[in-house]
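# Secondary and tertiary structure notes
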Amino acid sequence: MTAETAAGTFRIGGDLEVGRLGFGAMQLPAGPADARAASVAVARRAVELGVTLIDTAHLYGGGANEELLAEALYPYPEGLLITTKVGVARSAETGEWGLDGRPEVLREQVDHALRRLRVERIELLQLHRIDPEVDLAEQLGALRELQEAGKVARLGLSEVTAGELARARELVDVASVQNRYSVGDREHEAVLDACAAAGIAFLPWRPVLGAVPPADAAGAPDAGGPEAPYRVIGAVARELGATPVQVALAWLLAHSPVVLPIPGTAKLGHLEENVAAAGVRLEPAHLERLDALSS
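Just so it is clear, the structure is predicted and the values come from calculations on it, not from any experiment.

With that settled, the discussion passes to the pattern of salt bridges. Applying the stated criterion across every chain yields a total of 18 salt bridges. Across the pair Arg102 and Glu104 runs a salt bridge whose closest N-O atoms are separated by 3.9 Å. Given the relative accessible area of 39%, Arg102 is considered partly exposed. By relative accessible area, which is 44% here, Glu104 ends up partly exposed. Taking the shortest distance from any N to any O, the salt bridge between Glu239 and Arg289 comes out at 3.1 Å. On the criterion of sequence distance, the pair formed by Glu239 in helix H8 (residues 229-240) and Arg289 in helix H11 (residues 284-291) is long-range, its members being 50 residues apart. Residue Arg289 is classed as partly exposed on the basis of its relative accessible area of 31%. Three or more residues joined by partner-sharing salt bridges are found here, namely Asp15, Arg121, Glu123 and Arg154.

Quick look at the sheet that holds strand S4 (residues 53-55) now. Taken in spatial order, the seven strands of this open sheet run S3-S4-S5-S8-S9-S10-S11, and their pairing is parallel. The two strands at the open ends of the sheet, each matched to only one other strand, are strand S3 (23-24) and strand S11 (201-202). When S3 meets S4, the two strands line up parallel, connected through two bridges. Residue Phe23 lies in a different strand from S4, and its bridge partner there is Ile54.

On to empty space enclosed by the protein, then. Counted by the stated rule, this structure contains one cavity of 30 Å³ or more. Approximately 40 Å³ is the volume found for the largest cavity. Considering the residues around the largest cavity, the lining is formed by Leu21, Gly22, Phe23, Val51, Pro263, Leu271, Asn274 and Val275. With three residues, helix H10 (residues 268-276) is the largest single contributor of residues to the lining of the largest cavity. Partitioned by chemical class, the residues of the lining of the largest cavity number six nonpolar, two polar and no charged.

Right, let's talk about the layout of surface pockets for a bit. Counted as a void, the largest pocket has a volume near 610 Å³. Lining the largest pocket are 26 residues, with Gln27, Arg206, Pro207, Pro263 and Gly264 positioned closest to its centre. Looking at the lining of the largest pocket element by element, the count peaks at three residues for H10. Residues of the lining of the largest pocket, tallied by class, amount to 12 nonpolar, nine polar and five charged.

Ile12, Leu143, Leu165, Val177, Phe202 and Leu290 are the most contacted members of the largest nonpolar core, which has 62 residues in total. Looking at this core element by element, the count peaks at seven residues for helix H9 (residues 244-255). Dropping the residues within four chain positions of it, Leu143 is found in contact with Val86, Leu106, Leu125, Leu127 and Leu155. Counting 20 residues, the second-largest nonpolar core is a separate cluster that includes Ala25, Leu28, Leu68 and Ala72.

Now for unusual backbone geometry. For the bond from Gly31 to Pro32, the omega torsion is 0°, close enough to zero to count as cis. Take Pro32: it is sitting in the loop between S3 and helix H2 (33-48). Cis rather than trans, the peptide bond between Tyr74 and Pro75 has omega equal to 0°. Following the sequence through the fold, Pro75 ends up in the loop between helix H3 (64-73) and strand S5 (81-86). Look at Glu159: it is not a glycine, yet its phi comes out positive at around 55°. For Arg206, which is not a glycine, the phi torsion comes out positive at approximately 55°. By the element assignment, Arg206 lies in the loop between S11 and H8. Residue class for Arg206 comes out partly exposed when judged on its relative accessible area of 45%.

Bringing the packing of H3 against helix H4 (residues 103-117) into the picture now. Two numbers describe how H3 lies on H4: the axes approach to 8 Å, and their chain directions differ by 25°. In terms of orientation, H3 lies roughly parallel with respect to H4. Helix-helix and strand crossings are classified by hand; for H3 and H4 the assignment is right-handed. From H3, Glu66, Glu67 and Ala70 reach across to H4, where they touch Ala113, Arg115, Arg116 and Leu117. Here the contact of H3 with H4 is composed, by residue class, of three nonpolar, no polar and four charged.

This paragraph deals with helix H5 (residues 136-148). Each α-helix turn comprises 3.6 residues. Residues three or four places apart therefore point the same way. An ideal rise of 1.5 Å per residue puts 18 Å on 13 residues; H5 measures up with 18 Å between its terminal C-alpha atoms. Where H5 is buried, its residues meet S5, H4, strand S8 (125-127), strand S9 (155-158) and helix H6 (162-169). Taking the backbone nitrogen of Ala137 as reference, a side-chain oxygen 2.9 Å away marks Asp135 as the first, capping residue of H5. Gly150 occupies a position one or two residues after H5 and carries a positive phi of about 85°.

How each quantity is defined
Residues numbered from 1 in each chain as written. Predicted model: local features only at pLDDT ≥ 70, side-chain atom pairs only at ≥ 80, totals over all residues. Heavy atoms only, no water. Salt bridge = Lys/Arg side-chain N within 4 Å of Asp/Glu carboxyl O. Buried < 20%, exposed > 50% of the residue type's maximum accessible area, 1.4 Å probe, protein only. Helix = DSSP H or I, 4+ residues; strand = E, 2+ residues; numbered from the N terminus. Pairing = 2+ DSSP bridges. 1 Å grid on protein atoms, 1.4 Å probe; cavity = no way out; pocket = protein on both sides within 12 Å on 5 of 7 lines; lining within 4 Å. Points joined across faces, edges and corners; volume = space filled by probe spheres on them. Nonpolar A, V, L, I, M, F, W, Y, C, P; charged D, E, K, R; others polar. Core = buried A, V, L, I, M, F, W, Y, C linked by side-chain atoms within 4.5 Å. Contact = heavy atoms within 4.5 Å. Axes fitted to C-alpha atoms, helices over the stretch in contact; angles between N-to-C directions. Parallel < 35°, antiparallel > 145°, perpendicular 65-115°, else oblique. Left-handed = near helix turned anticlockwise from the far one by under 90°. Expected span 1.5 Å × (residues − 1). Polar contact = N/O pair within 3.5 Å; in protein donor to acceptor, adjacent residues only side chain to side chain.

Function cannot be inferred from these measures alone, as they are strictly geometric.
Dropping the structure here:
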């Protein structure tokens, strides 16, 4: 059974069908040579396992991650979506990365992404962050123009509030939102609710936060108390014969039909563990205990 079969599918923008359990490529190193070869193997294995949604961004190595995915997967198999993000740039003066939503920067990054990914059109392009120094209408207007020019098919946002999403939807059709969200971190529940109501894909990043003990819990058997998220998740995992990470991903898939988790890893074993989460079935009692972690 593939990831797509087990997790089900979702139509992004109402027409682009992908498997609901994706893969985040951010952790894949582009070098040195041995690490790059391992990254290529992980990306290829993800597709072999049935993953049809892969997330990358200009920020990830200044485009090196996009080039890596093209090296690993081009020519792309039918049905594979590689989505990328723009709107974060490195300063020529300081070398530091920062938000940059100027239209000319967005246009340049899209052109570079098209070249690096070896495609004529980006099927889903997401604004990595809203730049507070540039009017939102200018940022989204530039992306809409790219859409009208045929360089981009669908537009998404990342790390936005419900209010920002509502305003953006007045300017463009929003196909997806990528926010930090997990069973142990539900700050953006209102954004997910808005996406569910509108049929917008919600791609949680850091989707397994809370599934494992925090670093400062090492050597502290009582860290967080008995109701700490990682303890509850771990107990459910033991009952199901699954791993805590698999339970965290299974909860996301069960929580809302618009949720498309994109867990990332650079290790084949962790990739296979993540994909297998699509086959974990949570009983109502498990869901009740995990849902309660938000209170």
